[in-house]
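Observations on chain architecture
Read off the chains here:
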Amino acid sequence: PLNIAILASGSGSNAQAMIDKAAAGVLDVNICCIVCNRPGAGVIERARKAGVTCVVLDHEEFADRESYDREVVQTLQEHGTQLVVLAGYMRMLSTAFLDAFSGRVINIHPALLPSFPGVHGGVDACEYGVKISGCTVHFVEEKMDSGPVIIQAAVPVNPDEEVDDLMQRIHAMEHRIYPQAIQWFAQNRINVWGREVHVAPGKAKTVAPD
Ligand code: GAR
């Protein structure tokens, strides 16, 4: 199976969805390692419970982004990473990182890109008053939250809905579409022409519905 590495900074609920779906046999990947830049982040405990290798590299212990990214790239290469999956990884990637894994870095964002990029994109969309929000899985480019879109899902905003409730529903949707995008990649079904992403048809099991 495809070796994927997950990069995360926070609670790791997306990483958990991948762990669970891989264990259930509906996502055909091997999670070769998780890299976390924040000591104490929830994802570390999730990895431990699941028996997945987790490497904690505290970015504050490095002089600059380049030296930090060099260490991350080396760690990923040592574990045989074939696809880099950003799941709440709140750091920009350097050019050297993206060059090392060209066309092999994907990200999820809790809004319908290109609207509402950024660290608080999900909350920004809600506070703007959009009637439909959602989430986006995309290939990563140097600019934050930009790159060819692989899959998006719409989440309609309920009247008078609290931000937290909406974010929770978007999160639940993320846990469905991210494993699906990874499965497509693992099955070699994704083709990118410029900004257009095409997914080749396949008879494979559907990952999205729980
Ligand atoms: C997710 O909602 C993800 O979309 C977001 O961080 C959260 C991580 O949650 N990422 C971004 O906002 C990227 N700009 P998790 O740690 O529970 O998977």
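Here the residue index of a chain counts from 1 through its sequence in written order. Predicted model: local features are reported for residues with pLDDT of at least 70 only, side-chain atom pairs are reported and counted for 80 or more only, and whole-chain, interface and lining totals are derived from all residues. No hydrogens and no water enter the side-chain calculation; it runs on all heavy atoms of the structure.

**Some details on the pattern of salt bridges**
Close approach of charged atoms allows side chains of opposite charge to pair. The term salt bridge refers to a side-chain nitrogen of Lys or Arg lying within 4 Å of a carboxyl oxygen of Asp or Glu. Across all of its chains, the model carries 4 salt bridges by this definition. Here Lys49 and Glu45 are joined by a salt bridge, their closest N and O atoms 4.0 Å apart. Of this pair, Lys49 and Glu45 both sit in helix H2 (residues 42-50), 4 residues apart, which is roughly one turn of that helix. Only protein chains enter the accessibility calculation, which uses a 1.4 Å probe. A residue is then buried if its area is under 20% of the maximum for its type, exposed if over 50%, and partly exposed in between. Residue classification places Lys49 among the exposed positions, given a relative accessible area of 65%. The salt bridge involving Glu161 is made with Arg169; its shortest N-O contact spans 2.8 Å. Residues participating in the shared-partner salt-bridge network are Glu45, Arg48 and Lys49. Labels follow the DSSP assignment, with helices taken as runs of H or I lasting at least four residues and strands as runs of E lasting at least two, numbered in each case from the N terminus.

**Overview of the sheet that holds strand E5 (residues 105-109)**
Read from one edge to the other, the open sheet built from 7 strands follows the order E3-E2-E1-E4-E5-E6-E7, with strand pairing classed as mixed. The sheet terminates laterally at strand E3 (54-56) and strand E7 (149-156), the two strands that pair on one side only. Taking each pair of neighbouring strands and ignoring which way they run, the sheet shows an average axis angle of 20°. The sheet contacts of helix H1 (residues 13-23) involve strand E1 (2-8), strand E2 (29-36), strand E4 (83-86) and E5, and relative to E2 the element is tilted by about 160°. Two strands pair if DSSP finds at least two bridges between them. Note on geometry: axes are C-alpha line fits, over the in-contact stretch for helices, and angles between N-to-C directions span 0 to 180 degrees. Contact between two residues is taken to exist if any of their heavy atoms lie within 4.5 Å; hydrogens are not considered.

**Focus on the layout of surface pockets**
Estimates place the volume of the largest pocket at around 760 Å³. Where the lining of the largest pocket is concerned, the elements lending two or more residues are H1, E5, helix H5 (121-128) and helix H6 (163-186). Ranked by residue count, the leading element in the lining of the largest pocket is H6, at 4 residues. Within this scheme a cavity is a closed region of a 1 Å grid, computed over the protein atoms alone, that accommodates a 1.4 Å probe without allowing it to escape, whereas a pocket is open but has protein on both sides within 12 Å along at least five of seven lines; lining residues each have an atom within 4 Å of a point. What lines the second largest pocket is a set of 15 residues, and nearest its centre among them are Ser102, Gly103, Arg104, Phe139 and Val140. Grid points are joined across faces, edges and corners, and a volume is the space filled by probe spheres set on the points.

**A few points about the UniProt feature "domain: Formyl transferase N-terminal" (unreviewed entry) in the protein chain**
UniProt positions are given in the numbering used here, feature names are shortened, and annotations may be inferred rather than shown by experiment. Here the UniProt-annotated "domain: Formyl transferase N-terminal" (unreviewed entry) positions come out as residues 3-182. The distance separating the terminal C-alpha atoms of residues 3-182 is 11 Å; by composition the span is 38% helix and 23% strand.

**Points about the side chain of Asp145**
Along the polypeptide, Asp145 turns up in the loop between strand E6 (132-139) and E7. Among buried charged residues, Asp145 stands out as having no salt bridge; its nearest opposite-charge side chain is Lys143, 10.0 Å away. Not counting residues within four places of it along the chain, the set of residues in contact with Asp145 comprises Asn107, His109, Leu113, Pro117, Gly118 and His138. In this tally Asp and Glu are treated as negative and Lys and Arg as positive; neither His nor the chain ends contributes.

**A word on the site of the ligand**
Taken together, 14 residues lie around the ligand, and Ser11, Gly12, Ser13, Asn14 and Glu174 are the ones closest in. Polar contact criterion, stated in full: a pair of N or O atoms within 3.5 Å, where within protein one must be able to donate a hydrogen and the other to accept it, and residues adjacent in sequence count only if both atoms are side-chain atoms. At 2.6 Å from an oxygen atom of the ligand is found a side-chain nitrogen or oxygen belonging to Ser13. His109 is positioned with one of its side-chain polar atoms (N or O) 3.2 Å from a nitrogen atom of the ligand. Of all the cavities here, the one that holds the ligand is the largest pocket. To be near a molecule or strand, a residue needs just one of its heavy atoms within 4 Å of it. Any molecule with more than half of its atoms within 2 Å of a cavity's or pocket's grid points is counted as sitting in it.

**Brief notes about the pairing of E1**
Burial analysis of E1 places 7 of its 7 residues in the buried class, which makes it a mostly covered element. Burial of the side chains of E1 extends over both faces: Leu2, Ile4, Ile6 and Ala8 are buried on one face and Asn3, Ala5 and Leu7 on the other. As paired strands, E1 and E2 are joined by 7 bridges and run parallel to one another. Each residue of the ladder has a partner; that of Leu7, found in E2, is Val35.

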